[in-house]
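Spelled out, the chains give:
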Amino acid sequence: MTSRPNIPVRVRFAPSPTGNLHLGGARTALFNFLFARHHGGVMLLRIEDTDRERSTEAAIAAILDGMRWLDLTWDEGPVFQTSRLDRYRDLALDLIARGHAYRCVCTPDELEERRKDAQAKGLPPRYDGRCRDRKISADTPHVVRFRNIPDQIVAFDDLIRGPLSFDSGLLDDLVILRTDGMPTYNFAVVVDDADMKITHVIRGDDHINNTPRQIPIFRALGADIPDFAHLPMIFGSDRTKLSKRHGATSVMAYREMGYLPHALANYLVRLGWSHKDQEIFTREELIAHFDLDHVGSSPSVFNPEKLLWLNAHYIKNASDTVLSPLVSELLPPLSEPLPQATDPDHRVRVVSLLKGRAKTLLELAEFSLPYLDRSLAIDPVAREKALGPESVFILEPIFVALSSLPEWSADPIKNVFTQIGEALNKKLGELAQPVRVALTGKTVSPGIFDVLMLAGREISLVRIEAALALARTPFSVTSSSPTGKDLS
RNA sequence: GGUCCCAUCGUCUAGUGGCCUAGGACGCUGGCCUCUCACGCCGGAAACACGGGUUCGAACCCCGUUGGGACCA
């Protein structure tokens, strides 16, 4: 709960545009979003681009794309820190004028040397305050340092961790403005959070040590200090901070791998937050239930398998008409498109039949191919299993009976299988398997009647006939080429 | 090295002093369903890091130990 019930909630998501939106950042954005929505507040997007070396336009675009894809809307911004440089300089000057900050002309080399000396003597490697009381002209190249007040306990009540306190004596006289006039991270953040009237700072755990540096700056600025909530980290399977080497970590990589945005968001929200035993949440439920009280304080390990399960669940429950265009986007180019491949209704039916088996949209796209493309790749193992010489005795009568069917619909097709099954004294499974491989190239597919219906009369018969030809041809998995493709 | 954080099944977690013989989910696994594979359904194995306190009573509160991590250098 918030400690300021009467003031509207204002939160911000403040990424540095140095790369893609990664999973940790996405979860931070998500929690901010849900917190703002839950409280009917405002979410601001701020791009912390003062590190000009590492910030790129591409990264800015990637972050915005990632947020839009995840359906995380913001109410204000994006505000760019580089558009506020004058403001930081003005306030730094103001702090100097009021004695909270001072100019420092110590060079990096000098500082490095002193740091080494201090370490050699077993002292903490901090700035020694040499320039604190010098009168340094604004004309000489200098940095601006914040005057730390020693022998103080900086305490705050973290909304997730509870009371936290730090000894200010251990803090440095932080540089707030570099020689080139650019603000440092800790200064720009505080100026912005103060100016933008942020009420709750919800951010990653990695900033927890920054908080006691920032609080004195809020005070010196005469600004209200927001509430802080530090989210636990997301680890990779080796329990270190999630990074590239743990595999895909960018949000957009999951889009490319065929994940649904709400599945990813649902997975991410359960990393650290819980609502009793509930695993699946609609967006409305998340907004209704989300709170900081039920955010845990221990880090969590990213588990791709659970995400995959959630994705499968979301695919299974998504509407066919929503799914179909998403699948089409991920479809590889068709070599010989069937006439019905361009029919949107046909594509919807394909998705409808297959979605229960797919864990990703990419899989769904792959499963769709036999119903959209004339050319068919037959899996060699499937061929060996189901299209051996003995399958001729099954495929032959089925082909004949299906060919003479006056009407291509479910009941007559079923009757064909029933009758042939009785005649040959074979169970449906034994009949279905060769036909399945003939039509889909795989031993796994939806029910055989559904497959026949969806493939349609013409392509079904063509493929069964082709399979018959194959079944009559000697075949060895080991000796021939692995792709028994392009039969049609 | 300094500062800080964290600790329930392999993983995500429920649990806020008695409802805990510790619940749910993923994964694993046995079975049912079944034309294959999934889905679904029913079942199983699997955890309170350790040691001290406090208390009539502790997964839950306190201290320590151990282990892990983050930040700064």
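Novice: Describe the sheet that holds strand 4 (residues 101–104), naming the residues involved and giving the relevant values.
Specialist: The three strands lie next to each other as 4-5-8, forming an open sheet whose pairing is antiparallel. Each edge of the sheet is formed by a strand with only one pairing partner; in this case those strands are strand 4 and strand 8 (175–177). For this sheet, the mean inter-axis angle between neighbouring strands, taken without regard to orientation, is 45°. Here two bridges tie strand 5 (residues 143–146) to strand 8, and the two strands are oriented antiparallel to one another. Following the sheet pairing, Val144 is matched in strand 8 by Leu177.

Novice: Got a sec to walk through unusual backbone geometry? Specific residues and values, please.
Specialist: Pro78 follows Gly77 through a cis peptide bond whose omega is 5°. Structurally, Pro78 can be placed in strand 3 (residues 76–80). Backbone geometry places Lys197, a non-glycine residue, at a positive phi of 55°. Checked against the element boundaries, Lys197 lands in the loop between helix 5 (185–195) and strand 9 (200–204).

Novice: Give a detailed account of the side chain of Asp291, specifying residues and quantitative values.
Specialist: Within the secondary structure, Asp291 is located in the loop between helix 9 (283–289) and strand 12 (300–301). Buried charge without a partner: Asp291 forms no salt bridge, and the closest opposite charge is Lys276, 9.8 Å away. In terms of polar contacts, Asp291 uses its side chain to reach the side chain of Trp273, at 3.3 Å. There is a polar contact of 3.0 Å between the side chain of Asp291 and the side chain of His294.

Novice: An account of the environment of Ile217 is needed here, citing residue identities and associated values.
Specialist: Structurally, Ile217 can be placed in helix 6 (residues 211–221). Sequence-wise, Ile217 and Val190 are 27 residues apart; in three dimensions their C-alpha atoms are separated by 6.9 Å. Setting aside anything within four residues of it in sequence, one finds Ile217 in contact with Phe146, Leu174, Ile176, Asn186, Phe187 and Val190.

Novice: Give me the lowdown on the pattern of salt bridges, citing residues and values where you can.
Specialist: Following the criterion strictly, the structure yields 23 salt bridges and no others. Of the charged contacts, one joins Arg37 and Asp75 as a salt bridge, the two residues approaching to 3.2 Å between their closest N and O atoms. Placement of Arg37 in helix 1 (residues 23–38) and of Asp75 in the loop between helix 2 (57–69) and strand 3 is noted, with a sequence separation of 38 residues between them. Among the residues examined, Asp75 registers a relative accessible area of 40% and is labelled partly exposed. The shortest N-O distance in the salt bridge between Asp192 and Arg46 comes to 3.4 Å.

Basis of the calculations
- Residues numbered from 1 in each chain as written.
- Chains lettered and ligands numbered in written order.
- Predicted model: local features only at pLDDT ≥ 70, side-chain atom pairs only at ≥ 80, totals over all residues.
- Heavy atoms only, no water.
- Pairing = 2+ DSSP bridges.
- Helix = DSSP H or I, 4+ residues; strand = E, 2+ residues; numbered from the N terminus.
- Axes fitted to C-alpha atoms, helices over the stretch in contact; angles between N-to-C directions.
- Buried < 20%, exposed > 50% of the residue type's maximum accessible area, 1.4 Å probe, protein only.
- Lys, Arg positive; Asp, Glu negative; His and termini not counted.
- Salt bridge = Lys/Arg side-chain N within 4 Å of Asp/Glu carboxyl O.
- Polar contact = N/O pair within 3.5 Å; in protein donor to acceptor, adjacent residues only side chain to side chain.
- Contact = heavy atoms within 4.5 Å.

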